[in-house]
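Survey of secondary and tertiary structure
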Amino acid sequence: MTEITIQCRLTAPEDIRHKLWLLMAEKNTPLINELFKQLAEHPDLEIWKQKGKLPRGLVKNLCQPLKEHPKYKNQPGRFYSSAIAMVDFVYKSWLKVRKGWTYELRGQERWLAMLKSDDELFQEYSLGSRSFQDRSLEDIKGKATEIIYNLKPDEYKSTHSQLFALYDDSEDVWVRCAIVHLLKNGCKVRQKLEDPEKFAKRRRKVEIRIERLTKKLNGKAPQGRDLTGQKWLDTLAIASTYVPQDDAQAKLWQDILLTQSKSVPYPVNFLSNEDTKWGKNEKDRLIVKFNGLEKYIGKHCFQIYCDKRQLSLFQLFYDEQELKKQSNNTHSGALLALRSSRMIWKEGNDKGKPWNVNHLTLHCFVDTLLLTTEGSDLIRQKKAETFHETLQDLEQENLNPKQQALVKKTKTSLDRINNSYSLPHKPLYQGQTNILLGVAIQLEKPATVAIVDGKTSKAITYRSTKQLLGKDYRLLNRQRQQKHFLAHKRNVAQRHHADNRFGESELGQYIDRLLAKAVIKLAKEYRAGCIVVPRIKNKRDIIQAEVQAKAEAKIPGCIEKQKKYAKKYRTNIHQWSYGRLIDNIKSQAAKAGIKIKEGKQSIRGSPTELAKKIAIDGY
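My aim in this report is to walk through the structure given alongside it, one point at a time. All figures in this text were calculated on a predicted structure; none of them were measured in a lab. (Residues numbered from 1 in each chain as written. Predicted model: local features only at pLDDT ≥ 70, side-chain atom pairs only at ≥ 80, totals over all residues. Heavy atoms only, no water.)

Secondary structure assignment for the chain yields 23 helices and 12 strands. For the chain, long-range pairs separated by at least 24 residues make up 71% of all intrachain contacts whose partners lie at least 6 apart in sequence. Total accessible area on the chain is roughly 36,500 Å²; 50% of this is exposed by carbon and sulfur atoms. Within the chain, the 72 negative side-chain charges are centred at a point lying 4 Å from the centre of the 112 positive side-chain charges. (Helix = DSSP H or I, 4+ residues; strand = E, 2+ residues; numbered from the N terminus. Contact = heavy atoms within 4.5 Å. Areas by Shrake-Rupley, 256 points an atom, 1.4 Å probe, with all protein chains shown as cover. Lys, Arg positive; Asp, Glu negative; His and termini not counted. Charge placed at Lys NZ, Arg CZ, Asp CG, Glu CD.)

What follows deals with the pattern of salt bridges. By the definition in use, this model includes 18 salt bridges. Its salt-bridge partner being D284, residue K280 comes within 3.8 Å of it at the nearest N-O pair. The partly exposed category is assigned to K280, whose relative accessible area is 30%. We classify D284 as exposed; its relative accessible area is 54%. Between R380 and D377 there is a salt bridge, with its nearest N and O atoms 2.5 Å apart. With R380 and D377 both in helix α15 (residues 373–393) and 3 residues apart, this pair spans about one turn of that helix. Residue R380 is classed as buried on the basis of its relative accessible area, which comes to 12%. (Salt bridge = Lys/Arg side-chain N within 4 Å of Asp/Glu carboxyl O. Buried < 20%, exposed > 50% of the residue type's maximum accessible area, 1.4 Å probe, protein only.)

Before going further, it helps to examine the pairing of strand β5 (residues 302–305). Each regular strand displays side chains that alternate between the two surfaces of the sheet. Of the pairings in the sheet, the one linking strand β1 (residues 3–11) to β5 comprises 3 bridges and is antiparallel in character. Of the residues in β5, the one forming a bridge with R9 is Y305. Here 2 bridges tie strand β4 (residues 286–290) to β5, and the two strands are oriented antiparallel to one another. Bridge pairing links V288 to F302 in β5. (Pairing = 2+ DSSP bridges.)

Now for the sheet that holds β1. An order of β2-β6-β7-β1-β5-β4-β3 is seen for the 7 strands of this open sheet, with the pairing classed as antiparallel. Where the open sheet ends on each side, the last strands, each with one partner, are β2 (268–270) and β3 (276–280). Strand-to-strand twist across the sheet, computed as the mean angle between neighbouring axes with direction ignored, equals 35°. Taken strand by strand, helix α13 (residues 308–326) contacts β1, β3, β4, β5, β6 (338–346) and β7 (359–367), and its axis lies near 100° from that of β3. (Axes fitted to C-alpha atoms, helices over the stretch in contact; angles between N-to-C directions.)

Quick look at the pairing of strand β9 (residues 448–453) now. Taken across its 6 residues, β9 has 6 buried, putting it largely inside the fold. Note that strand β8 (residues 432–440) and β9 share 6 bridges and pair antiparallel. Across the sheet, I435 pairs through a bridge with D453, a residue of β9. Strand direction decides the pairing type here: β9 and strand β10 (residues 458–463), joined by 5 bridges, are antiparallel. Directly across from V452, in β10, lies its bridge partner A459. Taking the residues that link successive antiparallel strands as the turn, the β9-β10 hairpin has 4 residues, and the phi of S457 there is positive, at about 60°.

So this is what it looks like as structure tokens:
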């Protein structure tokens with residue numbers, strides 16, 4: 001990942017902002033909502049769910065007739081392209097996530113069927129198998145020791161995967177029993193007696209995860225944004241008139257009424273770096289205009305306001321585009337630092353007309369490799385190789401018109417790619433491929449880091465959250481106190497039926513940036529070739545299952561008290577936005593030129609063990 005995002009505020013007269021708001025809120029967003037609705041009601045939806053993907057070009061075909069509909073027509077062509085790309089991306093992501101949930105549900109159901117205590121395993125298998133006659137639990141442990149000793153290291157399969165495969169291939173119930181013993185004890189032979197309470201709690205965690213995954217899979221397809229609030233009003237009218245038929249319907253009404261609907265339209269994506277034209281006004285300030293909008297808002301150019309730290313990048317967009325223009329387009333657009341952009345309305349807090357209350361911003365996506373001469377040369381080399389391969393594939397006598405046009409276009413691109421932009425020199429980061437930095441996240445500790453030598457699988461050093469933050473660790477305690485105070489304040493407001501939406505400070509984001517900066521500094525110090533961060537998929541489900549199982553074990557039988565205990569436990573432990581932290585690490589790594597990998601973090605183990613394991617798995 002070498003892409004970062006920068007943003008700026010776009011300023012324009014009120015009439016221009018009004019026209020843009022009408023285009024985005026009354027044309028583009030309803031179009032996206034309609035596409036979502038048609039996909040959700042499509043007769044082939046179940047087939048897509050099973051395959052985990054959409055047919056190619058489906059959204060574009062659905063959008064084609066809608067372009068002539070009175071409600072959605074008269075939009076810029078790039079707005080239609082943006083709507084198609086957004087709906088296609090959202091649905092593909094949703095189907096892919098569903099497919100992952102389906103596989104995980106099958107795996108959890110399979111594990112639940114296997115997961116039995118040692119006594120249960122011995123009794124169950126001994127009833128129908130002569131091979132268990134005159135055997136004891138110690139014999140099972142002996143067989144487990146033999147199996148784990150005979151397993152050969154596999155570069156592509158973990159020990160868990162090998163044991164599951166061996167379980168499926170074996171028909172010997174004694175072998176299967178020994179494998180289950182290993183799997184539930186972390187691929188080790190347990191020497192102590194099994195604790196029945198801990199085992200029951202562990203089994204309950206699996207059951208809770210199955211319940212939550214089943215609930216997720218039964219959820220609705222992606223919904224659009226209701227800018228009018230009509231859905232909320234309709235639900236309020238129904239809830240105040242009728243009694244819910246069951247708990248599920250009551251929960252559905254409650255979710256709609258307690259969810260704050262979006263008040264701003266969907267963003268518009270400009271998918272090419274040629275869609276934005278950069279310039280300067282009479283005051284020598286940077287301005288930008290967008291291709292395709294002249295018909296709707298005239299030739300107006302937006303003035304940009306940005307942070308001083310990002311001003312140099314916006315100046316670079318202007319300089320590169322000017323050079324490309326002055327050279328009669330002999331420079332390649334593939335080497336422009338700006339890759340694409342997105343126009344967004346950000347919610348404001350004042351009262352008034354929405355185009356005055358909300359702020360118009362531009363997000364620009366920048367390839368950090370194209371900010372230096374060395375990085376640009378690397379991209380140029382890869383592009384040139386791709387162009388040469390295309391020309392070699394088309395080396396034949398009888399080419400059709402399309403192939404001839406492709407040959408001409410490829411040769412032109414190859415000529416342009418050799419013309420470079422004026423960029424500063426900065427050596428590319430060169431890390432050691434065998435040195436990896438693993439990052440582990442846990443409930444009470446945002447980040448624990450391990451530097452590992454992949455060849456020897458030995459840890460070189462560790463860093464805890466406290467060591468990473470150093471003197472700024474006090475900010476973490478302050479942030480915990482703030483969250484606890486706001487949770488209490490929100491609880492009091494709920495009891496008094498008052499507004500309980502309290503904004504939080506940006507202290508958590510600041511700590512994330514400090515942690516990310518410390519992680520990158522450590523990676524550079526040890527010349528790490530790669531940073532391995534955990535996949536946060538289903539992290540919330542794992543935490544929820546752990547907390548709920550703890551509540552059930554603590555207060556058996558009383559559901560209301562269990563919910564109260566679980567809520568109190570969640571507010572007392574340290575809560576963190578792990579996704580935000582990992583995004584910060586990825587962004588800082590992209591700027592430094594360090595590769596990022598994602599790995600699966602184990603559930604059990606100390607923070608240092610988890611960080612070490614995720615680094616070794618990444619190697």
